Amino acid sequence: MNFKNKRVFISGGNGVIGKELTRKLHDLGAVVMVGDLKPRPIDWPSDIRYRQGDLNYIPARELLDFKPQFFFHLAATFERSVENYDFWEENYQHNVNLSNYLMTILKDAPGLEKVIFASSYLIYHPELYQFENPQTTPVSLKETDPILPRNLTGVAKLNHEIELRFLNDFKRTQYKSVSARIYRSFGKNSRDIISRWIRMLLKNEPLTVYSKEGIFDYIYAGDVAEGLLRLGANIDAEGIYNLGSGKSRSIADVIEVLRQNFPDLQSTGITEDIPYEASQADMSLFKKTIGWKPPTTLEKAIPMIIEFEKNRNNSAHVSEEQTVLVTSISKKVPLLKAVRNATSKYGPEISVAGGDINDQCIGRYFVDKFWLMPRLSNLSIAELKAYCNANNIRSIIPTRDGELAFWAQSKEALAKSGISIMISTPETVDFCLDKLRFFQECSDKGFPAISTYNSIDNLDFDQFVVKERFGAGALSIGLNLDKESATNHAKTLESPIFQPFIKGTEISIDLYIDKNSAVKGCVPRIRQLIVNGESQVTTTYQNEKLEALCRSFASAFAFYGHIILQVMEDDSGNFHLIECNCRFGGASTTALAAGLDSFYWFLLEANDVDISEYAFIRPTKPITQIRFPEDIIL
């Protein structure tokens, strides 16, 4: 099988089958990209590209940028034999919608050669293989047998088989697709009944065995991976194929094999009021096309799983519900929606809380939990830690200039309790909040900051800008004033500073700086319409000289997380740094749309994920954002 240097995308590649498949493809020299909800396995080679999170939210440009030639679609969610009521939404999101979404992205992808879909034997009509009484002989199900999915998972699998068949009518000359109807897979670190029983037996717990007469086609996950690999490699393989061992075993057989490894096994048999299954895969078509059959028996596989369970690291990732707190939410609905999107992208484990000192703020209607916060001057670190621990808060996103110094000062103490804050160091925050100091330190490091003084006499210009020295001063700013007017306006401010008025283009540059102080991405945007200091209409653009300046600036100071640089480009094309905000801005959602995935990256880093392999991929065309009020009916 020649997968050397082939570009392979695997959805669900960190699952039981996915791990086996990923390892095999990597060993064959493939260039592998894996997407999965779970964190990256710590023992995987660094050249495997990994994306943690819900693939329903992967941007099309990120997947297309990888240029996959093979797509193994394994990602899916399952219940046990009987699906519960809550599975309705889960099945649609992670089975129906996900399959359609990924193929919507890839169906026209240049270079795609083959799609290999992990389907299920649950598609077949249950009357073929379910009986009122125990059977002694299993029914061999053929690919041509009648179908009637017996549960929601089976419906989802059949739906995507039909979608692939539909695409095949139009795209067969470009790429092929194959659906493998997989039978009862079991393997290492699985939730299947065999693994669950082994874990119980290792704890010397007795087993409860339901309907031991049931007959199933058990296939080891390593064999499933090998079968999928061979279906992908074979140029003649397309359409529908069974993928099972081809030889069923009863539950009683499984118990006896377990007893060979656990002589003291104790079990209690219970008869359920459900049909008895007696099924196995007819592997004739698979063997004819591929010339291979799964070799791993229960007798061989079970000892391997026992050894794995004895040696596995029990400190491996366990799904833990957690909350991200957004502070000073006010009416920052677009920001809250962006955070919500990031939590959905990360996975189902993170909810959104919002804090504000106003219990009637609009933002409270857009979070899962609202915190009527005390004023920060009245909030101690101990009280803050207690609230965070009581509400599973593991990450915090400040949003207001006036609170940045508090959160920067609290960052180190909260980090010791496992709580991450998207904020820079106290020294850096203070430097950015003080516009006079900003000018002085930038000048000392050779950056072209706009001249700033606390005395107008230090400036030899005809027209001036007057603003507050500290914090945000957009509402009290004086623009394009002569010397007398500027001097008079300064008398209305607490701590005025003076700058020359420069005609030109106002530009905001959004950046994300990661935990390693590396600039992850940079998105400049022209501020076309400004109201009260914030962009109402803004358009992204690319300028290598400006971006190099911004990256150099960000690297020169101890920044972390999302920051915004304000720059003026004069009529001669020279850049003047005006100020830097150490937070997400009102119009920064434009940068998110342009690939600067700040909130998602922050959540990953807050959960100890190295984001160096999460690519910043920007659109090839400019993006314009228009901000306007919108009504919503609850």
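Residues numbered from 1 in each chain as written. Predicted model: local features only at pLDDT ≥ 70, side-chain atom pairs only at ≥ 80, totals over all residues. Heavy atoms only, no water.

1. Things to note about the pattern of salt bridges
In plain terms, the rule: The rule for a salt bridge is simple: a side-chain nitrogen of Lys or Arg has to be within 4 Å of a carboxyl oxygen of Asp or Glu. Partly exposed describes any residue whose relative accessible area lies between the buried limit of under 20% and the exposed limit of over 50%, with all areas from a 1.4 Å probe on protein chains only and scaled to the type maximum. We count a stretch as a helix when DSSP gives it H or I for four or more residues in a row; a strand needs E for two or more, and each element gets its number in order from the N terminus.
All chains considered together, the criterion is met by 30 salt bridges. The partner of D108 in a salt bridge is K107, with the nearest N and O atoms 2.9 Å apart. Relative accessible area serves as the criterion here: at 27%, K107 is assigned to the partly exposed category. Note that D108 is salt-bridged to K171, the shortest N-O span being 2.7 Å. Placement of the pair is D108 in the loop between α3 (87-106) and β5 (114-120) and K171 in helix α4 (residues 152-171), with a sequence separation of 63 residues. A relative accessible area of 44% places D108 in the partly exposed class.

2. Some remarks on the state of the cysteines
To be explicit about the condition: Any pair of cysteine sulfurs within 2.5 Å is marked as a disulfide.
Tallying each qualifying case throughout the model produces zero disulfides. C582 takes part in no disulfide bond, and the closest cysteine sulfur to it belongs to C432, at a distance of 3.6 Å.

3. Quick notes on the environment of E256
The residue E256 is located in helix α7 (residues 251-261) in this model. On a C-alpha basis, the gap between E256 and E299 in space is 9.8 Å, while along the polypeptide they are 43 residues apart.

4. So, the packing of aromatic side chains
Let me state the cut-off plainly: Only centres within 6.5 Å qualify two rings of Phe, Tyr or Trp (six-membered ring in Trp) as a pair; their planes then separate them into stacked at under 30 degrees, edge-to-face at over 60, and tilted for everything else.
Within this structure, the stated rule accounts for 28 aromatic pairs. The interplanar angle of 65° and the centroid separation of 6.1 Å between the aromatic rings of Y512 and Y560 together place this pair among those described as edge-to-face. Taken together, the residues span a long stretch of sequence, with Y512 in strand β26 (residues 504-513) and Y560 in the loop between α16 (544-556) and β29 (561-570) at a distance of 48 residues. Y560 matches Y512 in its accessibility class, with the two residues each being buried. Pairing F584 with F599 gives two aromatic rings, centres 4.5 Å apart and planes at 35°, and the pair type is tilted. Placement of F584 in the loop between β30 (575-581) and α17 (589-593) and of F599 in helix α18 (residues 598-606) is noted, with a sequence separation of 15 residues between them. When its relative accessible area of 2% is taken as the criterion, F584 is described as buried.

5. Description of helix α10 (residues 333-346)
Think of an α-helix as turning once every 3.6 residues; residues three or four places apart then point the same way. Heads up, the condition is: Multiply 1.5 Å by the residue count of a helix minus one, and that product is the helix's expected span. Residues count as neighbours in contact if any of their non-hydrogen atoms are within 4.5 Å of one another.
Taking 1.5 Å per residue as the helical rise, α10 with its 14 residues ought to reach 20 Å, and the 20 Å between its terminal C-alpha atoms agrees with that figure. Residues V333, L335, L336, A338, V339, A342, T343, K345 and Y346 constitute the buried set of α10. Here the buried face of α10 lies against β3 (49-52), β18 (322-327), β19 (350-356), β21 (393-397), α17 and α18. One or two residues past the end of α10 sits G347, with phi positive at roughly 145°.

6. Describing the sheet that holds strand β20 (residues 369-372)
Convention followed: When DSSP finds two or more bridges between a pair of strands, those strands are recorded as paired. Comment: axis = line fitted to C-alpha atoms, over the contacting stretch for helices; angle = value between 0 and 180 degrees taken between N-to-C directions.
Within the open sheet, the five strands sit side by side as β20-β19-β18-β21-β22. Their pairing is parallel. Edge positions in the open sheet fall to β20 and β22 (420-421), since each of these has one partner strand only. With six bridges connecting them, β18 and β19 associate as parallel partners. Bridging from a neighbouring strand, T323 pairs with S351 of β19. Seen against the sheet, helix α11 (residues 381-390) touches β20 and β21 and runs at an angle of roughly 120° to β21.

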